[in-house]
Amino acid sequence: ELRSELCPRQFPARRAAAVAVALLRYRRGGPARALRLRELRRARTEDIKDVGHKYYLELELEDVLDKDSTVNCTAEVLYHLGNQNIAPDVQFTLEGELKSTEEADHVFYTRIRSLEKELVAENIPDSHGHVPPELEPIHLLAWVASGYLVWQNSTENTEFQLAQVKHVKQVRRRDKYLQFDFVVLLHEMVSQ
Amino acid sequence: MWALLVLIGAASVSAHLQDLSFDGQKVFRVIPQNDDQVEILNSLASIMQIDFWQPDSVTLVRPKMQVDFRVGAENSLQVEDLLKESGVEYQVLIDDLQAALDAQFDSQARAAGHSYEKYNNWDTIAAWTADIAAQNPDLVSRSVIGETYEGRPMYLLKLGKSSPNKKAIFMDCGFHAREWISPAFCQWFVKEAVETYGKDTVMTTLLDKLDFYVLPVVNIDGYIYTWTNDRMWRKTRSKNANSSCYGTDPNRNFNAGWCTAGASKSPCSATYCGSAPESEKETKALADFIREHLSTIKAYLTIHSYSQLLLFPYSYTYALPSDYQELNSIASAASKELASLYKTKYTYGPGAKTIYPAAGGSDDWAYDQGVKYSFTFELRDTGRYGFLLPESQIKPTCEETVLAVKYIANYVLEHLY
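All of these numbers come straight from a predicted model, not from anything done at the bench.

Engineer: Just checking my understanding: could you explain the overall build of chain B for this structure?
Structural biologist: Each helix and strand in chain B was counted, giving 13 helices and 12 strands. Over its C-alpha trace chain B gives a radius of gyration of 29 Å, far above what one expects of a compact globule, namely 22 Å for 417 residues. Counting only residues that meet the buried cut, chain B has 57% of its 417 residues in that class. In chain B, of all internal contacts separated by at least 6 residues, the share reaching a separation of at least 24 is 74%. For chain B, the accessible surface area stands at approximately 16,900 Å², while carbon and sulfur atoms represent 50% of it.

In structure tokens:
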């Protein structure tokens, strides 16, 4: 068991943090909540024989929609040895509560339900970085969904980001759920 | 009152309202309250040339109607006096028509719709390079350092007050096609230089004592491709032998540990290192220029996006450069300068450890050539928009980055070698 302190400035720690935040986004994000890493406070790594590399992280997160509110988080990320097809194990604990987005979520829900035709859009943001305000919640939902994709596909040698929503199509449903099919572009930083 | 009108009529020279210049011409807005006041406007129109903007003609003027009209410069004082004397309610809508026209052109910018706060396509940037040099001949000159694969001229701007034996800083933008904020920064920097020369002490000293070579877009073919075909394109657009895939990663194409780490030998890869170092016309042109001016170039800055990083050598190896301590403290201070404006957090450090090992980079190559102060900027943001940084962020991104570049330039000036 070999634990060593990592420099939070440097990449192995930052990549592990990105994976933890990706899963967090998937689990806790929504059309009105976009969590991202404000600062990586501390990082330690542990080499677990025959298992893999484990990272212990102390994170400070912020909501892009409300930069004044931050929340602390501790996370553990375990990259499995050998088999690159298994997603890393990620555990996290948030300190304190996240601000409720019930009202904004409800506004979004009612707005989509009231559309006459199913929502269809593409290139979010567009080439110039513009997102029409009414599509911002869809953009954030894509960010939530891409959190899952990032987590599932991450290794110690990757750093994924959502680059663009190429296409989104609302799927008609008979029940009260909203369903969107996304085609997203992911940017992998290390292999570019 | 009638007599006054006659006097004015006699005194006024028929102003040719068709003249090309509108210097000093005024536009009045009048609201005649009754038939008498309507009559006054009628008389005015009969003794001097008045161009009615609304209504189209004086014959359509009625009481209580808003009437706008243009008068020549030499008549405007008399018209104003007359309106005052007759108690006709009026306001001066446009005080100097020529000034108003000039202002409109400025805000739309002269060269084919160029804007410092928007992303400009290549034709617009090319025209701007000619324009900015022509408008500022004492400070800016333009040259061509080579041609791209598709045959386009690579424009280089030289900034600085002409004087013998000056050392220089070389800065390039647009290595990677999709990093649009990068060329936007180079354009902004040039604008800052010409606009604040003589006003900002630091900039004035920098331009007096140093030259800046600014290459606004290195990878022009790629940049155009992101406008016409694929917004996410990264590489050049050269054809690869025996492959249907195009392009080489220009920042893997320099002779610095070439193709040993973080680069691919596959032409289809986004980090394809090319068939050989400087296989690309663009990288060769850049390298040739730096080699030819090696004795004068004391710093090399290359601007990329995204991630908010300030990197220095090495990227092709984890080994630290001999100037590590100095480069690290410059990077630290420059990052602090940058953050001072909008609290934008940058991470700094040697390339390999901070971001990833990557061989064939221009910054490493320049450093190994002897250009001690060699830095790579990765501008905003950290992934929310990534390459698709909104235009509304161009100004703040550029403003904060200028602070860091000026810091580094000033440091270089104080530590010339």
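Now that the structure is up, let's keep going.
Engineer: Any chance you could explain unusual backbone geometry here in plain terms?
Structural biologist: One can expect most non-glycine residues to show negative phi and most peptide bonds to be in trans. All names here are of chain B. Here the amide bond leading from Ser-305 into Tyr-306 is cis, since omega sits at -5°, within 30 degrees of zero. In the segment running from Arg-380 into Asp-381, the intervening peptide bond is cis, with an omega of -5°. Among the structural elements, Asp-381 can be located in the loop between β12 (373-379) and α13 (394-414). The backbone of Asn-165 sits at a positive phi, close to 60°, despite the residue not being glycine. Phi is positive for Gln-308, which is not a glycine, with a value near 60°.

Engineer: For this particular structure, what's the right way to read the domain arrangement of chain A?
Structural biologist: Many authors give the size of an interface as the accessible area that is lost as the parts come together. Residue and element names in this part refer to chain A. Partitioning chain A into domains gives domain 1 (4-95) and domain 2 (101-188). Centre-to-centre separation of domain 1 and domain 2, based on C-alpha positions: 22 Å. Contacts between the two partners involve 25 residues from domain 1, matched on the other side by 20 residues from domain 2. Both faces considered, domain 1 and domain 2 share a buried interface measuring about 2,100 Å² in area, 65% of it formed by carbon and sulfur atoms. Of all residues in domain 1, Arg-15, Tyr-26 and Pro-31 give up the largest surface area on contact with domain 2, accounting jointly for 29% of the area buried on that side.

Engineer: Just to check I follow, could you spell out the pattern of salt bridges for this structure?
Structural biologist: A side chain of one charge can pair with a side chain of the opposite charge if their charged atoms are brought near each other. For the structure on display, the rule yields 33 salt bridges over all chains. Between Arg41(A) and Glu39(A) there is a salt bridge whose closest N-O contact spans 3.8 Å. Classification of Arg41(A) by relative accessible area gives partly exposed; the value is 44%. Taking relative accessible area as the criterion, Glu39(A) reaches 28% and is therefore assigned partly exposed. Note that Asp68(B) and Arg29(B) form a salt bridge whose closest N and O atoms lie 2.8 Å from each other. Taken together, the positions of Asp68(B) in strand β3 (residues 67-71) and Arg29(B) in strand β1 (residues 26-30) put the pair 39 residues apart, joining distant regions of the chain. Of the two residues examined, Asp68(B) and Arg29(B), each falls in the buried class. Among the charged side chains, a salt-bridge network with shared partners connects Arg36(A), Arg38(A), Glu39(A), Arg41(A), Glu60(A), Glu62(A) and Lys345(B).

Engineer: I'm lost on the sheet that holds strand β9 (residues 297-305) of chain B in this one. Help?
Structural biologist: To summarise the sheet geometry, strands pair through backbone hydrogen bonds and adopt either a parallel or an antiparallel arrangement. All names here are of chain B. Read across the sheet, eight strands follow the order β5-β6-β8-β7-β9-β12-β10-β11 without closing on themselves; strand pairing throughout is mixed. The strands lining the two open edges of the sheet, one partner per strand, are β5 (140-147) and β11 (347-350). Neighbouring strand axes in the sheet, compared pairwise and without regard to direction, differ in orientation by 20° on average. Taken together, the four bridges between strand β10 (residues 309-312) and β11 define a ladder with parallel strand orientation. When the sheet's bridge partners are listed, Leu-310 is paired in β11 with Tyr-348.

Engineer: Would you explain the UniProt feature "active site" (unreviewed entry) in chain B in this entry?
Structural biologist: Residue and element names in this part refer to chain B. The sites that carry the UniProt feature "active site" (unreviewed entry) are, in the present numbering, Glu-378. Position of Glu-378 relative to the elements: it lies in strand β12. Among the residues examined, Glu-378 registers a relative accessible area of 10% and is labelled buried. Once residues within four sequence positions are removed from consideration, Glu-378 is found in contact with His-304, Ser-305, Tyr-306, Ser-307, Gln-308, Leu-309 and Tyr-346.

Engineer: Got a minute to help me understand the pairing of β9(B) in this structure?
Structural biologist: All names here are of chain B. Taking burial as the measure, the nine residues of β9 include nine buried ones, the bulk of the element. Note that strand β7 (residues 167-173) and β9 share six bridges and pair parallel. Its bridge partner being in β9, Cys-173 is matched across the sheet by Ile-303. As defined by bridge partners, β9 adjoins β12 across seven bridges and the pair is classed as parallel. Note that in β12 the partner of Tyr-300 across the bridge is Ser-374.

Engineer: What should I look at first to understand the sheet that holds strand β4 (residues 90-94) of chain B in this one?
Structural biologist: Residue and element names in this part refer to chain B. A sheet is described by the order of its strands in space; here four strands give the open sequence β2-β3-β1-β4, paired in antiparallel fashion. With one partner strand each, in any of the chains shown, β2 (50-54) and β4 form the two edges of the open sheet. Neighbour to neighbour, the strand axes of the sheet diverge by 30° on average, direction disregarded. Bridge analysis of β1 against β3 gives five bridges, and the strand direction is antiparallel.

Engineer: Can you help me understand the side chain of Arg25(A) in this one?
Structural biologist: Residues and elements named next belong to chain A. For Arg-25, the location among the structural elements is in helix α1 (residues 11-28). Buried within the structure, Arg-25 lacks any salt-bridge partner; Asp-63 is the closest side chain of opposite charge, at an N-O distance of 9.5 Å. From its side chain, Arg-25 meets the backbone oxygen of Leu-35 in a polar contact 2.9 Å long. Sequence-distant contacts of Arg-25, defined by excluding residues within four places in its chain, comprise Leu-35, Arg-36, Trp-143 and Val-144.

Engineer: Looking at this structure, how should I read the state of the cysteines?
Structural biologist: Note on terminology: disulfide describes a covalent bond linking the sulfur atoms of two cysteines. Residue and element names in this part refer to chain B. For the structure on display, the rule yields three disulfides over all chains. What pairs with Cys-173 in a disulfide is Cys-186, and their sulfur atoms sit 2.0 Å apart. Because the torsion about its S-S bond is 85°, the bridge between Cys-173 and Cys-186 counts as right-handed. One end of the pair, Cys-173, is in strand β7; the other, Cys-186, is in helix α6 (residues 181-196), with 13 residues separating them in the sequence. Each of the two residues, Cys-173 as well as Cys-186, counts as buried. Each sulfur of the disulfide joining Cys-259 and Cys-273 lies 1.9 Å from the other.

Definitions and cut-offs
- Residues numbered from 1 in each chain as written.
- Chains lettered and ligands numbered in written order.
- Predicted model: local features only at pLDDT ≥ 70, side-chain atom pairs only at ≥ 80, totals over all residues.
- Heavy atoms only, no water.
- Helix = DSSP H or I, 4+ residues; strand = E, 2+ residues; numbered from the N terminus.
- Rg over C-alpha atoms; globule rule 2.2 N^0.38 Å.
- Buried < 20%, exposed > 50% of the residue type's maximum accessible area, 1.4 Å probe, protein only.
- Contact = heavy atoms within 4.5 Å.
- Areas by Shrake-Rupley, 256 points an atom, 1.4 Å probe, with all protein chains shown as cover.
- Domains from an automatic or database assignment.
- Buried area = accessible area lost by both parts, 1.4 Å probe.
- Salt bridge = Lys/Arg side-chain N within 4 Å of Asp/Glu carboxyl O.
- Pairing = 2+ DSSP bridges.
- Axes fitted to C-alpha atoms, helices over the stretch in contact; angles between N-to-C directions.
- UniProt positions renumbered as here; feature names shortened; annotations may be inferred.
- Lys, Arg positive; Asp, Glu negative; His and termini not counted.
- Polar contact = N/O pair within 3.5 Å; in protein donor to acceptor, adjacent residues only side chain to side chain.
- Disulfide = S-S within 2.5 Å.

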